[in-house]
Each structure stands twice: as structure tokens, then as C-alpha cells.
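Tertiary structure, described
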Amino acid sequence: MSKKDAAKLFESLKQKKWINEVDGSYYLGPRSVTELEFYILEEYEAATKCHLCQKLCLHGQNCDQCDVRLHNFCAARCFRGSRNAVCPREECRAVWRHAVRNMDGDEPTSTPQTDSQQLSQKTAKRSRRQ
């Protein structure tokens, strides 16, 4: 296969959503992931599902305290309007330390906070109540 033919093949695969190109690197596209989801989950021990939508999650965010994994889009939906995002697993509820983009992928709707930031916020709330 010539270089020109290979370039045409890759362009065709991109247009048909079989692969994605990001900064010169190629990844499985949504069509490939959909077709190969069962196989990937069966064959690769490290493959996980999104905690919210239960679909294969190849790119996303992980909870620092448990095995919860979310697609970036699902995280944006889950934490929409939330100032202090926490893990969606009821047994965990750890602080979500990842920047969460809004549904359009623009500015973060929730930003990670350190334990000291949370402590200072709680202290400020208590002092206002008294």
C-alpha cells in the first residue's frame, strides 16, 4: 500500500467514525468502540465501564479513593451545577479532584479543591452561623 493510499484509508476511517485523530495520534472512534465493546471488556482486564452510563470507558476520570470511572461527558452531566463534586458511589463520596468541564467542553463547572480549601470553607460557614 502506498503512502497516498494509506492516507486516503485513514481519512475514510476518520470520516466514518471508525478512528479519531488527536494531535497526530489515532484512537478508536465511537463506531469502533461500539462494535468492539463486548470483546474489549472480555479480553482486557483493565477495561472498565463508566459508573453512570455503564458503557465502556476508554477515556475519562477516576475516583482517587475507589474504582469509579466516568466518561468526561458523564462527569459533566453528573456534576452540573455542583460547586463541590464528590464521587457518585454512595459508599465512597470522596472529593472529586478532577476539573470537570461543562456540557459544551468549555470552562470547568467544578474545580478540584484541596482538603485545606474544604476545611476553610466549612470553618467559614460555621463562623457565619454563630
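Residues numbered from 1 in each chain as written. Predicted model: local features only at pLDDT ≥ 70, side-chain atom pairs only at ≥ 80, totals over all residues. Heavy atoms only, no water.

**Thoughts on the overall build of the protein**
The secondary structure content of the protein amounts to 4 helices and 8 strands. When the helices and strands of the protein are placed in sequence order, the string is α-β-β-α-β-β-β-β-α-β-β-α. Burial statistics for the protein: of 130 residues in total, 22% are counted as buried. The long-range fraction of contacts in the protein, counting pairs at least 24 apart against all pairs at least 6 apart in sequence, stands at 25%. Per element, the accessible surface of the protein, about 9,600 Å² overall, is 49% carbon and sulfur. (Helix = DSSP H or I, 4+ residues; strand = E, 2+ residues; numbered from the N terminus. Buried < 20%, exposed > 50% of the residue type's maximum accessible area, 1.4 Å probe, protein only. Contact = heavy atoms within 4.5 Å. Areas by Shrake-Rupley, 256 points an atom, 1.4 Å probe, with all protein chains shown as cover.)

**Re the side chain of S32**
Tracing the chain through its elements places S32 in helix α2 (residues 30-43). Classification of S32 by relative accessible area gives buried; the value is 6%. Not counting the four nearest positions on each side in its chain, S32 is found in contact with K17 and W18.

**Regarding the layout of surface pockets**
A volume near 360 Å³ is recorded for the largest pocket. If you trace the largest pocket, you find 15 residues lining it, with P30, V33, L56, L58 and H71 closest to the centre. Broken down by secondary-structure element, the contributors of at least two residues to the lining of the largest pocket are α2, β4 (56-57) and α3 (72-78). Here the lining of the largest pocket gets 4 residues from one element, more than from any other, and that element is α2. Among the residues forming the lining of the largest pocket, the class breakdown is 7 nonpolar, 6 polar and 2 charged. (1 Å grid on protein atoms, 1.4 Å probe; cavity = no way out; pocket = protein on both sides within 12 Å on 5 of 7 lines; lining within 4 Å. Points joined across faces, edges and corners; volume = space filled by probe spheres on them. Nonpolar A, V, L, I, M, F, W, Y, C, P; charged D, E, K, R; others polar.)

**Digging into helix α1 (residues 3-15)**
End to end, α1 covers 18 Å across 13 residues, agreeing with the expected 18 Å (1.5 Å per residue, within 8%). Of the residues flanking the end of α1, it is K17, one or two places downstream, whose phi is positive at about 70°. (Expected span 1.5 Å × (residues − 1).)

**Digging into unusual backbone geometry**
Positioned with a positive phi, K17 is a non-glycine residue whose angle comes to about 70°. Within the secondary structure, K17 sits in the loop between α1 and β1 (19-22). Positive phi, close to 55°, is recorded for R93, a residue that is not glycine. Relative to the helices and strands, R93 is located in the loop between α3 and β7 (100-101).

**Here's the deal with the pairing of strand β2 (residues 25-28)**
Pairing geometry for β1 and β2, over 4 bridges, is antiparallel. Considered in β2, the bridge of E21 is made with Y26. (Pairing = 2+ DSSP bridges.)

**What about the side chain of R69?**
Positionally, R69 belongs in strand β6 (residues 69-70). Comment: no salt bridge for buried R69; closest opposite-charge side chain is D64, at 9.9 Å. Engagement of the side chain of R69 in a polar contact is seen with the backbone oxygen of L58, the distance being 3.2 Å. Those residues in contact with R69 that sit more than four places away from it in its chain are T48, K49, C50, H51, C57, L58, H59, G60, Q61 and N62. (Lys, Arg positive; Asp, Glu negative; His and termini not counted. Salt bridge = Lys/Arg side-chain N within 4 Å of Asp/Glu carboxyl O. Polar contact = N/O pair within 3.5 Å; in protein donor to acceptor, adjacent residues only side chain to side chain.)

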